[in-house]
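# Structural features, examined
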Amino acid sequence: MKQALKQVSIEGFTVIGPSVRTNNQAEAGPAGKIPGLWGQFYASAPNMEDPSYGVYSDYESDASGDFTVTAGTRGEADSGSGIRIKAGSYLAFPADGPMPAAIIDAWKEVWAYFSAAQPYARVFDTDFEQYNGPESATVYIGIKSAAN
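Residues numbered from 1 in each chain as written. Predicted model: local features only at pLDDT ≥ 70, side-chain atom pairs only at ≥ 80, totals over all residues. Heavy atoms only, no water.

## Describing the overall build of the protein chain
In plain terms, the rule: Secondary structure elements are taken from DSSP: a helix is a run of H or I of four residues or more, a strand is a run of E of two residues or more, and numbering for both begins at the N terminus. Exposure classes here rest on a 1.4 Å probe applied to the protein chains alone. A residue is buried below 20% of its type maximum, exposed above 50%, and partly exposed in between. Residue contacts follow a heavy-atom distance rule, with two residues in contact if any of their heavy atoms lie within 4.5 Å. To be clear on the numbers: accessible area is Shrake-Rupley with a 1.4 Å probe, and residue cover counts the displayed protein chains and nothing else. Positive: Lys, Arg. Negative: Asp, Glu. His and the chain ends are not part of the count. Each charge is placed at NZ for Lys, CZ for Arg, CG for Asp and CD for Glu.
The secondary structure content of the protein chain amounts to 3 helices and 10 strands. The helix and strand sequence of the protein chain, counted from the amino end, reads β-β-β-α-α-β-β-β-β-α-β-β-β. Relative to its 148 residues, the protein chain shows a buried fraction of 39%. Of the contacts formed within the protein chain by residues at least 6 apart in sequence, a portion of 69% connects residues at least 24 apart. A total accessible area of about 8,100 Å² is found for the protein chain, and carbon and sulfur atoms account for 52% of it. Positive and negative side-chain charges of the protein chain, numbering 10 and 17 respectively, have mean locations separated by a distance of 5 Å.

Now the structure itself:
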């Protein structure tokens, strides 16, 4: 049974790790950069007991434009490194099951949700995936009231 979406308030925090610039069209084909990014992250991950994060930021426009993806863990930004998750309201889309299929399905749910009229609009500021275990993650999408 699919879990209901929840609106949550997130306090800002920093994620430290490698980044790539890409777009959804490139990721749909064999030249996608995100799998290699995660490979790079896992090859150098300091502690896999802690949650890991995939952060989507620096959006060029909307879901069709370029964006930056950072794979990492929570950390303290030093000398400008890392990406700051913006504090604010997010919709939480659960992704439970074998990865990466479960996270891909969660993103399909995100795109379907925002393709129809909703009480919330995406802000395209920072969105993120939080991985809590081998088959447990949540996609957090930054939102605002659709009336704004």
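The rest of the description comes next.
## Regarding unusual backbone geometry
Cis rather than trans, the peptide bond between Met-99 and Pro-100 has omega equal to 5 degrees. Mapped onto the fold, Pro-100 is located in the loop between strand E7 (88-96) and helix H3 (101-115). Phi at Asp-58 is positive, roughly 50 degrees, even though this residue is not glycine. By the secondary structure assignment, Asp-58 is in the loop between strand E4 (52-57) and strand E5 (67-74).

## A few points about the side chain of Asn-23
Note the threshold: Polar contacts, as counted here, are pairs of nitrogen or oxygen atoms within 3.5 Å of one another; within protein the pair requires one atom able to donate a hydrogen and one able to accept it, and residues that are adjacent in sequence qualify only if both atoms are side-chain atoms.
Note that Asn-23 resides in the loop between strand E3 (19-22) and helix H1 (24-27). Of note is the side chain of Asn-23, whose polar atom sits 2.9 Å from the side chain of Asp-66. Those residues within four positions of Asn-23 in sequence are excluded, and the remaining contacts are Gly-65, Asp-66 and Phe-67.

## Things to note about the pattern of salt bridges
Here the idea is simple: oppositely charged side chains can pair when their charged atoms come close. The line we're drawing: Salt bridges, as used here, are contacts in which a Lys or Arg side-chain nitrogen is within 4 Å of a carboxyl oxygen on Asp or Glu.
Applying the stated criterion across every chain yields a total of 2 salt bridges. Residue Asp-127 pairs with Arg-122 through a salt bridge whose shortest N-O separation is 2.6 Å.

## Here's the deal with the packing of aromatic side chains
We count it as follows: Two rings from Phe, Tyr or Trp (for Trp, the six-membered ring) form a pair when their centres are within 6.5 Å of each other. A pair whose planes differ by under 30 degrees is stacked, one over 60 is edge-to-face, and the rest are tilted.
Tallied over the entire structure, the rule returns 17 aromatic pairs. Where Phe-13 meets Tyr-53, the ring centres are 5.2 Å apart and the plane angle is 55 degrees; that geometry is what we call tilted. Taken together, the residues span a long stretch of sequence, with Phe-13 in strand E2 (residues 13-16) and Tyr-53 in strand E4 at a distance of 40 residues. Per residue, the accessibility class of Phe-13 equals that of Tyr-53, and both read buried. Ring geometry for Trp-38 and Tyr-131: centres 5.3 Å apart, planes at 75 degrees, overall edge-to-face. Highlighted residues: Trp-38 in helix H2 (residues 34-44) and Tyr-131 in strand E9 (residues 127-133), separated in sequence by 93 residues. Residue classification places Tyr-131 among the buried positions, given a relative accessible area of 12%. Every member of this aromatic cluster is reached through a ring pair, and the members are Tyr-56, Tyr-59, Phe-67, Trp-107, Trp-111 and Phe-124.

## Examining H2
Our working rule: Note that the arc is defined by the directions from the helix axis to the C-beta atoms.
All of the buried residues in H2 are Ile-34, Leu-37, Trp-38 and Phe-41. Looking straight down H2, one finds its buried side chains confined to an arc of 95 degrees; they lie on one side. For H2, exposure combined with an orientation more than 90 degrees from the buried face picks out Pro-35, Ala-43 and Ser-44. Residues of H2 that are buried make contact with E3, H1, E4, E5 and E9.

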